[in-house]
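Coordinate inspection notes
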Amino acid sequence: MGGLVSGYGDVRMNIVVSGTSSGIGQAIALHFAEAGHLVHGIDLCDATITHPRYTHHVCDIRDELPGGLPDPEIVINSAGTLEEADAIAVNLEGAMRFVEHFCNSPSLRSVLFIASASARNGAEFSRYVASKAGIVGFMKNLALQLADRGVTCNSISPGGVITPANRHILESDELYAAVRAETLLGKWAHPSEIADLAYYLTVVNRSITGEDILVDNGEMLKSNFIW
């Protein structure tokens, strides 16, 4: 007899998220805190979230993590950079070390990475693309390692997202019209949409693991059929 299986939405959990001072990471951290979970955020920059269930730690994920972090149920890596010189060290090596730090947590239930649509189509800067493609590969390997403990491990690959990192495009009517025209739905995603999916994959989901979920408003699919 089938039926819906609830996740852990009614249980207060410890969540550790990197890259929480802006953009997608900020939206994810705030979403979990507002849902009643205890969130520890890690970022190079100072806190931008004021919430009673949010604790901020100023730290570079390339460095040793600060003390005082809990054994989390959920770990989410959202920290990243577009700077080519730092892309591999931050987006791949830093993310790997950050997540591996918590892999032995006895309470661990789910791991999530924020990758990029660039990992699939190769568009953008070469080291950035390589770093995000590496994250997807590492995610799949980690899913294999954690499966016998029932821990899910997935990634989200956003296309265009309305974040401060894309300000130069969003503030140009010409550039923003051009990128929107490359999508089927004629728009970019909002960080809150990624946060909604992150919550589902880590809290509600119990059967999806080793998957990279593309969120690009149909940009990858768009094509002009000529007959």
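Summarised in this report is the structure supplied together with it. (Residues numbered from 1 in each chain as written. Predicted model: local features only at pLDDT ≥ 70, side-chain atom pairs only at ≥ 80, totals over all residues. Heavy atoms only, no water.)

Some details on the overall build of the protein chain
Keep this limit in mind: Note on conventions: DSSP H or I runs of at least 4 residues are helices, E runs of at least 2 residues are strands, and numbering of each starts at the N terminus. Note on method: radius of gyration uses C-alpha positions; expected globular size equals 2.2 Å times residues raised to 0.38. Throughout this description, buried means an accessible area under 20% of the type-specific maximum (1.4 Å probe, protein chains only), exposed means over 50%, and partly exposed covers the range between.
The number of helices and strands found in the protein chain is 7 helices and 7 strands. For the protein chain, the succession of helices and strands along the chain, N to C, is β-α-β-β-β-α-β-α-α-β-α-α-α-β. Against the globule reference of 17 Å for 227 residues, the protein chain gives a C-alpha radius of gyration of 17 Å, in line with a compact fold. Dimensions of the protein chain along its principal axes, counting C-alpha atoms only, are 55 × 50 × 30 Å. Among the 227 residues that make up the protein chain, the fraction classed as buried is 48%.

Quick word on the pairing of strand E5 (residues 110-114)
Worth spelling out the cut-off: Strands pair, by our definition, only if DSSP identifies at least two bridges between them. Every crossover in which the path from the first strand over the helix to the second runs clockwise, viewed with the strands pointing away from the viewer, is termed right-handed.
A large share of E5 lies buried, amounting to 5 of its 5 residues. Of the two faces of E5, the one holding Ser110, Leu112 and Ile114 and the one holding Val111 and Phe113 are both buried throughout. As paired strands, strand E4 (residues 74-77) and E5 are joined by 4 bridges and run parallel to one another. In the strand pairing of E5, asparagine 77 is matched with phenylalanine 113. In the classification by handedness, the crossover that spans E4, the intervening helix H2 (residues 87-100) and the parallel E5 is right-handed. Summarising the sheet, E5 and strand E6 (residues 152-158) pair through 5 bridges and their orientation is parallel. Paired with serine 110 across the two strands is threonine 152, which belongs to E6.

Quick word on the packing of aromatic side chains
Spelled out, the test is: We call Phe, Tyr and Trp rings a pair once their centres come within 6.5 Å, taking the six-membered ring for Trp, and we label the pair stacked below 30 degrees between planes, edge-to-face above 60, and tilted otherwise.
Applying the stated criterion to the full structure yields 4 aromatic pairs. Ring geometry for phenylalanine 32 against tyrosine 199: centres 4.9 Å apart, planes inclined by 50°, an arrangement best described as tilted. Remark: tyrosine 199 occurs in helix H7 (residues 191-204) and phenylalanine 32 occurs in helix H1 (residues 23-34); sequence separation between them is 167 residues. As far as the burial class goes, phenylalanine 32 and tyrosine 199 line up, both buried. For the pair tyrosine 176 and tryptophan 188, a centre-to-centre distance of 5.9 Å together with 75° between the ring planes defines the contact as edge-to-face. On the criterion of sequence distance, the pair formed by tyrosine 176 in helix H6 (residues 173-180) and tryptophan 188 in the loop between H6 and H7 is long-range, its members being 12 residues apart.

Focus on unusual backbone geometry
Unusually for a residue other than glycine, glutamate 124 sits at a positive phi of about 115°. The topology assignment puts glutamate 124 in the loop between helix H3 (118-121) and helix H4 (126-146). On the basis of relative accessible area, glutamate 124 is assigned to the partly exposed category, the value being 46%. For asparagine 217, which is not a glycine, the phi torsion comes out positive at approximately 55°. Mapped onto the fold, asparagine 217 is located in the segment after strand E7 (212-215).

Describing the nonpolar core
As a rule of thumb, nonpolar side chains are buried together in soluble globular proteins. Spelled out, the test is: Residues enter a nonpolar core if they are buried and are Ala, Val, Leu, Ile, Met, Phe, Trp, Tyr or Cys, with the set joined through side-chain atoms within 4.5 Å. Any two residues having at least one pair of non-hydrogen atoms within 4.5 Å are treated as being in contact.
Of all hydrophobic cores here, the largest spans 28 residues; its most connected members are Ile42, Phe98, Val99, Val111, Phe113 and Leu142. Element by element, the count of residues in this core is highest for H4, at 7 residues. Residue contacts for valine 111: discarding those within four places in its chain leaves Val75, Val99, Leu142, Leu146, Val151, Thr152, Cys153 and Asn154. Judged by nonpolar contacts, the second largest core, of 26 residues, contains Ile74, Leu112, Ile194 and Tyr199.

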